[in-house]
Amino acid sequence: MYQFVYQRPGSLPEAVEQSTQAREGLFLAGGMTLIPTMKLRLTAPSNLIDLTDLAELKGIRQEGNAIIVGATTTHAQVVSTPEVRDLLPALAALAESIGDPQVRNRGTIGGSIANADPAADYPAAVVGLGAIVKTNTRTIAGDDFFTGLFETALDPNELIVAVSFPIPQRAAYMKFPNPASRYAIVGVMVSQGNDGVRVAVTGAGPNVFRVPEMEQALAVNFAPEVLEEITVSADELNEDLHASADYRAHLIKVMAKRAVVAAT
Amino acid sequence: MSVTVSITLNGESVSAAVEPSTLLVELIREHFRLTGTHVGCDTSQCGACVVHVNGCSVKSCTLLAVQVEGADISTIESLAKNGRLHPMQQAFKTHHGLQCGFCTPGVIMSALDLIANNPDPSEMEIRNWLEGNLCRCTGYNNIVRAISAGAQAMRG
């Protein structure tokens, strides 16, 4: 990897200041994507700003009808936190399906959604549960956060502080994983909460997207058979050596039905 | 520009001057000459480089040395005491849990993280946990048996 300046700020304002000063700074959380990307020289930051010591980004807590997950919370911490397991088991199950134990011990929710990998799992949770992303400057609705392939609504030097998940009445995440990497070939989060039914799909398109036809049908009757008649178009879906666009379209319906069964 | 990293490595306080781009596995192998931790794929898939950082198993090829400043690091070399193998190492020997042995240090460090949280894992829990460890001699059945027996020996 190319050389860089390593910085380890002690507070959120200091981290933002260091990023603002840097010629081309990048924030480092768990590094599970960033470090391999740097090793491949696909990215070469001038400054790497390590968020490890930022207390503002840590911890999981319940606030009213929401679970707030700090940006540097690891997948393993999400899996093992009793409040998440009790109140949002779909999120704990999603986190447990990411990568492998060593990746879950380091990888973070903030890093995952900031990276916005089209096959990552957390985007399905952020959109499928109607979460809100809190940054150092504002709050961003989950629906507005992911804007394209590896693209988000974050501004330069803007830092994710936490993700707030409203607790749904029911929810489940089902994915068809790539057997080697455990990334989603297709993953579907289905939830029913105060603002209705959400169906969010990851792995299938350039970024996470909702399926309004499925949401409307499930709002009337939350049962897998209502999805039977809905056709998912393969247009603009991803196509690679793992799965064709048509196969991904098929998997969206299969995973959505399984998620509805699991959530019922 | 080099940076000084101070860690506890297998119970001993040590420090080294490294470039920020130095990987933890390079610090362990090249600076401290503990070559039991291996580099297999160098892309965080194979798990030959698994060590413990503050008690959690991690892939040391995908961590910068500077990130573990102040941390407690344990490698495979920390296990045998006074020439006696750790019960998990002994179980791998007894149950032929290795063929070429290249993946073994990482597999054992990964297994010990599982057993720290789940002292009596089922066969399926062991197999699921080994998602991040590849054995290219394809010796998984004996590896699973060895971990199960090692866990039993550790429970006493």
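About the criteria used
Residues numbered from 1 in each chain as written. Chains lettered and ligands numbered in written order. Predicted model: local features only at pLDDT ≥ 70, side-chain atom pairs only at ≥ 80, totals over all residues. Heavy atoms only, no water. Helix = DSSP H or I, 4+ residues; strand = E, 2+ residues; numbered from the N terminus. Buried < 20%, exposed > 50% of the residue type's maximum accessible area, 1.4 Å probe, protein only. Areas by Shrake-Rupley, 256 points an atom, 1.4 Å probe, with all protein chains shown as cover. Core = buried A, V, L, I, M, F, W, Y, C linked by side-chain atoms within 4.5 Å. Contact = heavy atoms within 4.5 Å. Domains from an automatic or database assignment. Buried area = accessible area lost by both parts, 1.4 Å probe. Salt bridge = Lys/Arg side-chain N within 4 Å of Asp/Glu carboxyl O. Polar contact = N/O pair within 3.5 Å; in protein donor to acceptor, adjacent residues only side chain to side chain. Pairing = 2+ DSSP bridges. Axes fitted to C-alpha atoms, helices over the stretch in contact; angles between N-to-C directions. Parallel < 35°, antiparallel > 145°, perpendicular 65-115°, else oblique. Left-handed = near helix turned anticlockwise from the far one by under 90°. Nonpolar A, V, L, I, M, F, W, Y, C, P; charged D, E, K, R; others polar.

Break down the overall build of chain A for me, with residues and values.
Helices and strands together make up the secondary structure of chain A, namely eleven helices and 14 strands. Reported as C-alpha extents along the three principal axes, the dimensions of chain A are approximately 55 × 45 × 30 Å. Burial analysis of chain A (264 residues in total) assigns 56% to the buried set. As displayed, chain A offers around 11100 Å² of accessible surface, 51% of which is attributable to carbon and sulfur atoms.

Now, about the nonpolar core: what can you tell me, with residues and values included?
Ranked by size, the top nonpolar core spans 51 residues in total, and within it A:Leu91, A:Ile113, A:Tyr122, A:Phe165 and A:Met189 carry the most contacts. Among all residues touching A:Tyr122, those that are not within four sequence positions of it are A:His75, A:Val78, A:Leu91, A:Leu94, A:Ala95, A:Ile98, A:Ile109, A:Ser112 and A:Ile113. A:Leu28, B:Leu24, B:Val58 and B:Val68 belong to the second largest nonpolar core, which has 31 residues in total.

Residues and numbers for the domain arrangement of chain A, please.
Assigned domains of chain A: these are domain 1 (1-55) and domain 2 (170-263). The C-alpha-based centres of domain 1 of chain A and domain 2 of chain A are spaced at 34 Å.

How would you summarise the interface of chain B and chain A if you had to cite specific residues and measurements?
Interface extent is often summarised as the accessible area lost during association of the parts. In this complex, chain B contributes 24 residues to the contact, which on the side of chain A involves 25 residues. Note on chain B versus chain A: buried area summed over both sides is about 2000 Å², and carbon and sulfur give 57% of it. Looking only at chain B, the three residues that lose the most surface to chain A are B:Thr62, B:Gln67 and B:Glu131, adding up to 30% of its buried area. The tally of links between chain B and chain A comes to three salt bridges. Notably, a salt bridge pairs A:Arg182 with B:Glu131, separated by 2.5 Å at the nearest N-O pair. Inspection of the region where chain B meets chain A yields twelve residue pairs in polar contact (both at pLDDT 80 or more). Of all elements in the fold, only strand S4 (56-59) and helix H3 (104-117) of chain B reach the threshold of two or more residues within the side of chain B that touches chain A.

A description of the sheet that holds strand S2 (residues 12-18) of chain B should follow, citing residues and the corresponding values.
Residues and elements named next belong to chain B. Spatial ordering of the open sheet is given by S2-S1-S5-S3-S4, a layout of five strands whose pairing is mixed. Every interior strand has two partners, whereas the edge strands, S2 and S4, have only one. Adjacent strand axes in the sheet meet at a mean angle of 40°, parallel and antiparallel pairs treated alike. As paired strands, strand S3 (residues 50-53) and strand S5 (residues 72-74) are joined by two bridges and run antiparallel to one another. Counted as the bridge partner of His52 is Ser74 from S5. Helix-sheet contacts for helix H1 (residues 24-31) involve strand S1 (3-9), S2, S3 and S5, and the interaxial angle to S2 is about 105°. Strands in contact with H3 are S3, S4 and S5; relative to S3, the strand with the most contacts, it is inclined by about 40°.

Give a detailed account of the packing of helix H2 (residues 87-94) of chain B against H3(B), specifying residues and quantitative values.
Residue and element names in this part refer to chain B. It is the contact of H2 with H3, at a shortest axis distance of 10 Å, that shows an interaxial angle of 125°. Classified by the angle their axes make, H2 and H3 are oblique. Here the hand of the crossing between H2 and H3 comes out right-handed. Along its contact with H2, which presents Met88, Gln89 and Phe92, the element H3 presents Thr104, Val107, Ile108, Ala111, Leu112 and Ile115. When grouped by side-chain class, the residues that make up the contact of H2 with H3 number seven nonpolar, two polar and no charged.

Describe the side chain of B:Ser57, and please don't skip the residues or the numbers.
Positionally, B:Ser57 belongs in strand S4. When its relative accessible area of 0% is taken as the criterion, B:Ser57 is described as buried. Within the structure, B:Ser57 has its side chain in polar contact with the side chain of B:Asp113 (distance 2.6 Å). Look past the residues within four positions of B:Ser57 in its chain and what remains in contact with it is A:Gln102, A:Asn105, B:Val50, B:Val51, B:His52, B:Met109, B:Ser110, B:Asp113 and B:Trp129.

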